[in-house]
Structure formats: C-alpha cells, structure tokens
2 protein chains.
Amino acid sequence: MQQVTINEVGLRDGLQMHRTLVPVEDKLRLAGSLVEAGLRAMEATSFVSPKAVPQMADAAELMAGLPGTEDVEYSVLVPNQKGLARAVAAGAQAVNLVLSATDTMNEKNIGMSLSKTRETCVATVREARAKGLQANAYIAVAFDCPYEGRVEPQVVAELADEMLEAGAGRVIIADTIGAADPVRVRSLFKVLLNRNAPEIFACHFHDTRAFALCNVWESLQAGVTRFDSSVGGLGGCPFSPGASGNLATEDLVLFLHQCGYETGVSLESLLKSVELAKEITGRDLGGRSMAYLNANRAVKTRPAPNGCDDTG
Amino acid sequence: MQQVTINEVGLRDGLQMHRTLVPVEDKLRLAGSLVEAGLRAMEATSFVSPKAVPQMADAAELMAGLPGTEDVEYSVLVPNQKGLARAVAAGAQAVNLVLSATDTMNEKNIGMSLSKTRETCVATVREARAKGLQANAYIAVAFDCPYEGRVEPQVVAELADEMLEAGAGRVIIADTIGAADPVRVRSLFKVLLNRNAPEIFACHFHDTRAFALCNVWESLQAGVTRFDSSVGGLGGCPFSPGASGNLATEDLVLFLHQCGYETGVSLESLLKSVELAKEITGRDLGGRSMAYLNANRAVKTRPAPNGCDDTG
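Residues numbered from 1 in each chain as written. Chains lettered and ligands numbered in written order. Predicted model: local features only at pLDDT ≥ 70, side-chain atom pairs only at ≥ 80, totals over all residues. Heavy atoms only, no water.

Trainee: Is there a simple way to think about the overall build of chain A in this case?
Mentor: From N to C terminus, chain A includes 12 helices and 10 strands. In terms of C-alpha radius of gyration, chain A reaches 19 Å, essentially the compact-globule figure of 20 Å for 312 residues. For the C-alpha atoms alone, the extent of chain A along its principal axes is close to 65 × 45 × 40 Å. When each of the 312 residues of chain A is scored for burial, the buried share is 62%. Within chain A, residue pairs in contact and separated by at least 24 positions form 74% of the contacts whose partners lie at least 6 positions apart. About 11,200 Å² of surface is accessible on chain A, with carbon and sulfur atoms providing 48% of the total. Of note, chain A has its 29 positive side-chain charges centred 3 Å away from the centre of its 37 negative side-chain charges. (Helix = DSSP H or I, 4+ residues; strand = E, 2+ residues; numbered from the N terminus. Rg over C-alpha atoms; globule rule 2.2 N^0.38 Å. Buried < 20%, exposed > 50% of the residue type's maximum accessible area, 1.4 Å probe, protein only. Contact = heavy atoms within 4.5 Å. Areas by Shrake-Rupley, 256 points an atom, 1.4 Å probe, with all protein chains shown as cover. Lys, Arg positive; Asp, Glu negative; His and termini not counted. Charge placed at Lys NZ, Arg CZ, Asp CG, Glu CD.)

Next comes the structure, spelled out in structure tokens:
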C-alpha cells in the first residue's frame, strides 16, 4: 500500500492567529495527543518576532518539551537568519522558509519585495544546511494571489528551483487562499515535474471553497505523497475573504484511508486530538466529515424506514 | 468549453422527507427561481403513494403549474406502472425509476426483492417508452449498501444493461449513503464504459463524507457530463447514519465553473434560490462553499494584516 505522509500544522499554522494565548503546557498536551494518534511529521512552532506573533513567543520552551522527538520529524518556521539562530539554539532539526509568489503578497505579509524575500530565503536555507539542518521552502499563493491574481506555474517553478538549488530538501506548494482546483493543480505539476521528481514536493491546501480534497486527489495522481493539514481544521488565514482555512487532518485521513493509502494515523485517536484542540482553544473545531465521523461512532447500522431512499 | 448538465433534484429528492408539508405554491416559487437561475433539468416530483410520502401528494397540481416547460427537462419519479399512469395523466414527459443494487436495500426501501424490483422497473420502463416518454433508471447504493456492504461494479453494470435494454435512455449512478471515493468511481466506470458510452450515464453523489466533488471530478475524467445536485444541499437520506445528504447545487456550480465547465447556471441567481429554499423549508440550508460565496459578495479585496500568512 502506498504511504502518504501527513504533516500536521495545527500547532503553528493552526494556533498562530488564535486570539487568546494558549499556554505552552496545553500546546504540549496537544502535541502529545497528535503523536499518540500516529502523526510523525509536525510543524511545532515558529521563531518570529514575539511582538508580531505573540502566540509563538514560547517557541524555545515548547521545543524543549516536545514529545517523541526520536520518531517525529518536527519542523519550525523561520523568517530569516535571525530566526534560524534562535531555532538552532532551541535544538531545531528542520526549518521552514516561506516565500510568497508575488511582490505584493510579500510586501503585505512581511514588508519585503519578492526579490528581497528570495535573497533572504536563499541565505537562510544555505545557512541552515551549513549547520546540518533540513530546510523546506514554502511557496505561498502558488495558485492565486489575493492582490495580483493568477500566478503562472512558471513563476512557481523558478522559485522552487532557486530554493532547491540553495539546498532546500523539499518544496511545499501552498494554496494560501484556497483558490486552487484540480485543473490548476494538474497544470502546475505538469510544469514542476518537468524539472523535478514528485518526491521533492508537498502540498498545503486550504479548504476555503471546499475543493481541498479534490486538489489532494489530483496531487496524488501527480505523485505527491505528502500533505499539510491541521487538526480540526484549526487556523488558516482569517483575513482572506471567506477563508475557512486549513484542511482538517481528520478529513484528509478519512479520505486517504478510504482511497487505500496508509498514513500511520489512527482516525479514532485523532478524534480525541480534535476534542483536545477544541478544549485548549475554546473553539468549535472539526472538519467537514465530522457529522459522519461522529454518527459512525454511535451507530453501526440502523434500518431505513420505508420510502426513505427512493433514489440515490 | 465543455458543457455539463446539472439535474436539480431539490424539489423531489430534496423536499420529500422534509418534516413539514411545503405548499404547492411555494414549491412552484422555488421551481421558478431555479429556472431563473438557469437550471434546465429538474426532478419535479414523484408519483408515489401519498400516504407513504405526503410531501408529494400535490404532484399532479405541481405538474400543472411548472414554469418554463418548453425549455426545462422536467422528470418525475415513479415506482411502478401505477405511478407511471398518474404521471402520464399529469403530463409528464420523462420518468425516473429507482432500482437499488442489493436485495436488502430494495426490501427495506420498497418491500420487494431485487429480482422483483428489476421486473417492475423493466415493465415500467417499457410502458413509459411505449407511451413516448423518456425513461431514466437510477441504480441506488451503487457503491456501498448500508446492509450488504460493498457492491461490485459488475452488479451495477448488469443492472444498467438491463434497464438500457428495456429502453431507458439514461442510467444514473447513485451513491445513496455517500460512500464513494474517486478510486471506487474510477473502477466502476472502467467496467461501465466497457459496454456503454459515457453519455449514457449521470451521477448522483451524496456529500456525507465531503467526498462528493472528488467523485464528480473523477466522473468528469471518465466522460460523465451530467450530475444531480440539490439547492442548498436540501435532502438526501436522514436515516443513513451521519448522512449529511445531497451535494449542494451551489457547491457543484462553483466547482464546475472554476474547472472551466459551462453549466448555464448563474451562481449569483442560484444563491437567491438557496435563500428561497431556506424560507420555504424553515431550514438553515447552504452548501460547503457558502462561507466563501457569502464573503465574496461582500468583499472584493481586503488587505491581510502583517503576519497573517507566514505559510500557505
């Protein structure tokens, strides 16, 4: 059976914009629950300015307490070499860099042009590699930019190549505003796979339009076997109009398992992680399959009354 | 651009199990709104026992008042020749027959064995054709039966062939409990297309596990260009554990349009139909893309504050 790796981003991408500060103890409880559920790749935290992202101010303390570090591939987000230094000091073994595919998105997001962001990412990737860390490059707004509109596959391919040449081991194609569809996914990967093997890539889809699983499916056809998702669908960008955010890990696991892929995750156990995430954030979380998942825990079979299903 | 036909089933499949009786005037207002939105194929009502399905007791009266009958392909569900006679008397031009793929589902649903149901459907299709009506055959529980489990593609293919031979012009593959996934869709169509052109088929997917659009996508790859859906996601089977029901028409339209298909439907106008459906049923309806659709009506662009999207 084909293996697919799920990279759980709830702890970082999920939590980062959450309006109340979640104590490090609760973050660690969630990490433990996710490890228990079988997740073996996770983005743990980010080393950015605590003033800009207060939720991540406890990054070093979190790193010190992470469970299962022998078995789990923990990565951390760093914006630049300064963040990298803090990550290294905190024992990080893998860092994630983010590069948006357009000028305006980089300007609005981190106050730098695309050109300057590229330089920064390349320098940070090189230094991370020199220090023996793995470096992963996210290409954000890889399909549509909320400011500049449609992004051409060629642009994404060039940025990917630049990061790979700098030493990145993986490029993550990120659909920041959930604008992708399987047609766009297919054309992007057609270009990307001209120059690179599919193993190089992972995908980070948002479920804004409820197309995320279609995009996962089409990526699988292209040979991608690694996807980001967030427990309970926690997080994503609340500022993109109508963005419902991250693809829920439970939706992704249900889909992958049913399609015959192995993930190493126990869906039953993951649902406990969803409950925990709800508890520590005070939010009513849960993916699009929750009604089905909850009902199927309670009821094995139940006869349909007469006349229920005259058609499909 | 490739055309795809959406067959709107809200008036029948959507409304039939609704707990309060919707007056015929309201059903006709909804029909008018759907025609206004550009829908040109609809399942209007069913001619079944009014005792069994009181919601459909106004079938003949509804038929007499349907808007746009010159442009819209209206079909009606009939269970047998008795229902067919009433449909003919009411001016129906196309009838839908339903055949579940397993014994137990037919027994539970309509009190007949698979064998008896096949006989009944064949006889009714033949008579409909003799009277100059179009006849469409639904194969229900075409993927998984809630009682008997997995249904083999070969079984579905044989039932399809039997109905086509009897004179059915179309076979609709119905995923009654929303159990299908793109792998199953692909294997089923591999078998079905050994013997028939894709134009023969339509699909009726339920969105129980949030896989419906993935299944639509895979069906499109197989050459299917006709899909059932229900305005606002109204209806489907409330008795299947966790069944969230029908694929919402607005989700389907958004997806198809973005993937480059023409449907003839105005999404903006369709959203008014969703509002009307909410009003006449008193239910909070809306597909999985509603948050996105509503937000995008209100907001064209809105800048993301600093630090919003550090990754995808």
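Read on for the rest.
Trainee: What is the right way to look at the pairing of strand β8 (residues 170-175) of chain B in this model?
Mentor: Strand residues, when the strand is regular, have side chains that alternate between the two faces of the sheet. All names here are of chain B. Extensive coverage of β8 is indicated by the burial of 6 of its 6 residues. Residues Arg-170, Ile-172 and Ala-174 line one face of β8 and the alternating positions Val-171, Ile-173 and Asp-175 line the opposite face, and both faces are buried. Bridging between strand β5 (residues 134-140) and β8 involves 4 bridges; their strand directions are parallel. Paired with Tyr-138 across the bridge in β8 is Ile-172. Relative to strand β9 (residues 201-205), β8 is paired through 5 bridges, and the arrangement is parallel. Paired with Ile-172 across the bridge in β9 is Ala-202. Handedness of the β-α-β unit built from β8, helix α8 (residues 182-195) and β9 comes out right-handed. (Pairing = 2+ DSSP bridges. Right-handed = clockwise from strand over helix to strand, strands pointing away.)

Trainee: Would you mind going over the packing of aromatic side chains with me for this structure?
Mentor: How two aromatic rings sit relative to each other is given by the distance of their centres and the angle of their planes. Counted according to the given criterion, the structure contains 8 aromatic pairs over all chains. Here the aromatic rings of A:Phe189 and A:Phe201 are separated by 5.8 Å at their centres, their planes lie at 85°, and the arrangement is edge-to-face. Of this pair, A:Phe189 sits in helix α8 (residues 182-195) while A:Phe201 sits in strand β9 (residues 201-205), and the two are 12 residues apart along the sequence. As far as burial versus exposure is concerned, A:Phe189 and A:Phe201 are alike and both buried. Aromatic side chains B:Trp217 and B:Phe255 sit 6.3 Å apart centroid to centroid with 85° between the ring planes, which places their arrangement in the edge-to-face category. In this pair, B:Trp217 is assigned in helix α9 (residues 212-222) and B:Phe255 in helix α10 (residues 249-258), connecting sequence segments 38 residues apart. Of the two residues, B:Trp217 and B:Phe255, neither departs from the other in class, the shared state being buried. Three or more aromatic residues joined by ring pairs make a cluster, and in this case those are A:Phe211, B:Trp217 and B:Phe255. (Phe/Tyr/Trp six-rings, centres within 6.5 Å; stacked < 30°, edge-to-face > 60°.)

Trainee: Teacher, can you tell me more about the nonpolar core here?
Mentor: One broad rule of soluble globular proteins: the nonpolar side chains tend to lie buried together. Core analysis: the biggest nonpolar cluster contains 213 residues, and A:Val95, A:Ile173, B:Val95 and B:Ile173 have the highest contact counts within it. Not counting residues up to four positions away in its chain, the partners in contact with B:Ile173 are B:Ile139, B:Ala142, B:Phe143, B:Val156, B:Leu188, B:Phe189, B:Leu192, B:Phe201, B:Ala202, B:Cys203 and B:His204. (Core = buried A, V, L, I, M, F, W, Y, C linked by side-chain atoms within 4.5 Å.)

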